[in-house]
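In case you want the letters, here they are:
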Amino acid sequence: MRVLIAEDDRIIAEGIEHALRKSGYAVDHVGNGADADTALLTQQFDLLVLDLGLPRLSGIDVLKRLRARKSALPVLVLTAQDDIDARVRGLDAGADDYMVKPFALPEFEARVRALTRRGTGQPTDIEVGQLVYDQSNRIARLNGQAVDFSARELCLLEILLLRAGRLVSKEQLVGHMCGWDEEVSINAIEVYVHRLRKKLEPDGPRIVTIRGLGYCLEKPGKPSDSANDGS
Ligand code: CA
């Protein structure tokens, strides 16, 4: 899951960026509205955290432009104080939720989890064969036992689970897993997939390599035709 933070207050931006990274999100940060607009036009995100009081282009204008492009990207708006007008304008312009600064980080993280779930239109638990993934607590269980995944492995597994039975290209995985100042190469993706496979063996769903294209997390009873094992 990749999050764009548009916030000109460095301390707030660094706080939420750190918290989200720790939870395994890929995070990008911009400090003004014009850069946010450009990033949203050119890159793929799973959530936008948007301060309304931004220089160069206001948060409301960023949001209006986003929705005018028919984007359904979930947006969590941050408002400077308990300013009811700003909140109403934000919701009217298409925000999904808002938080009033200052806020507690655990509450912020809970809202982010709720919004990234809503964005996928999936129920809280995703079940694929013997694997059950609890999206709100980000815990994967295999045969009822919690499996220990690293933050990066979990991020990759999430993307594959949300698209179970469908092809996910390596480029898509890179796009969802890394922010601008992080490096996740295609080779690294292959390593993460290898580790995931080991941890999912022998009872979990198979991650099938579609040669030259990407990966597919197999749904039981739905083997993919053109699939090859190995990577
Ligand atoms: Ca601001």
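Notes on the structure in this doc start here. Computed from a prediction, not measured in an experiment: that's the story for all the values here.

Time to look at the overall build of the protein chain. If you tally the helices and strands in the protein chain, you get eight helices and 12 strands. Once local pairs closer than 6 in sequence are excluded, the contacts in the protein chain between residues at least 24 apart make up 56%. Accessible surface computed for the protein chain: about 11,200 Å², of which carbon and sulfur atoms make up 49%.

Applying the stated criterion across every chain yields a total of one aromatic pair. Between Phe-103 and Phe-108, the ring centres sit 5.4 Å apart and the planes meet at 15 degrees, which makes this aromatic pair stacked. Just as Phe-103 is buried, Phe-108 falls in that class too. The ring of Tyr-25 has Arg-138 lying over it, and the distance from NZ or CZ to the ring centre is 5.0 Å.

Here we come to helix α6 (residues 151-162). Taking 1.5 Å per residue, 12 residues should reach 16 Å; α6 reaches 17 Å between its end C-alpha atoms and fits that length. By the criterion of burial, α6 is predominantly enclosed, with 10 of the 12 residues buried. Those residues of α6 that fall on the buried side of the exposure criterion are Glu-153, Leu-154, Cys-155, Leu-156, Leu-157, Glu-158, Ile-159, Leu-160, Leu-161 and Leu-162.

With that settled, consider the sheet that holds strand β7 (residues 131-134). The pairing of strands in a sheet happens through backbone hydrogen bonds and is either parallel or antiparallel. The strand order across the open sheet formed by four strands is β6-β7-β8-β9, and the pairing between neighbours is antiparallel. If you trace the sheet from one side to the other, it starts and ends with β6 (125-128) and β9 (145-146), each paired once. Looking at chain direction, β6 and β7 are connected through four bridges and run antiparallel. Each bridged residue has a counterpart across the sheet, and for Val-128 the counterpart in β7 is Leu-131.

A separate point is the coordination of the calcium ion. Distances from the calcium ion to its protein donors, Asp-8 (OD), Asp-51 (OD) and Gly-53 (O), fall within 2.2 to 2.4 Å. Sequence positions of the donors to the calcium ion reduce to the motif D-x42-D-x1-G. Of the two residues, Asp-8 sits in the loop between β1 (2-6) and α1 (10-22) while Gly-53 sits in the loop between β3 (47-51) and α3 (59-68), which places them 45 residues apart along the sequence.

Turning to unusual backbone geometry, a few remarks are in order. For the bond from Lys-101 to Pro-102, the omega torsion is -5 degrees, close enough to zero to count as cis. Residue position: Pro-102 is located in the loop between β5 (97-100) and α5 (105-120). Going from Glu-201 to Pro-202, the amide bond is cis rather than trans, its omega being -5 degrees. Mapping Pro-202 onto the fold places it in the loop between α8 (186-200) and β11 (207-210). The backbone phi angle of Arg-56 is positive, close to 75 degrees, even though this residue is not glycine. You can see Arg-56 is positioned in the loop between β3 and α3. In this structure, Asn-143 is a non-glycine residue whose phi angle is positive, near 50 degrees. Here Asn-143 falls in the partly exposed class, since its relative accessible area comes to 40%.

What counts, and at which threshold
- Residues numbered from 1 in each chain as written.
- Predicted model: local features only at pLDDT ≥ 70, side-chain atom pairs only at ≥ 80, totals over all residues.
- Heavy atoms only, no water.
- Helix = DSSP H or I, 4+ residues; strand = E, 2+ residues; numbered from the N terminus.
- Contact = heavy atoms within 4.5 Å.
- Areas by Shrake-Rupley, 256 points an atom, 1.4 Å probe, with all protein chains shown as cover.
- Phe/Tyr/Trp six-rings, centres within 6.5 Å; stacked < 30°, edge-to-face > 60°.
- Buried < 20%, exposed > 50% of the residue type's maximum accessible area, 1.4 Å probe, protein only.
- Lys NZ or Arg CZ within 6 Å of the ring centre and 35° of its normal.
- Expected span 1.5 Å × (residues − 1).
- Pairing = 2+ DSSP bridges.
- Donors = N, O, S within 2.8 Å, 3.2 Å for Na, K, Ca; no water.

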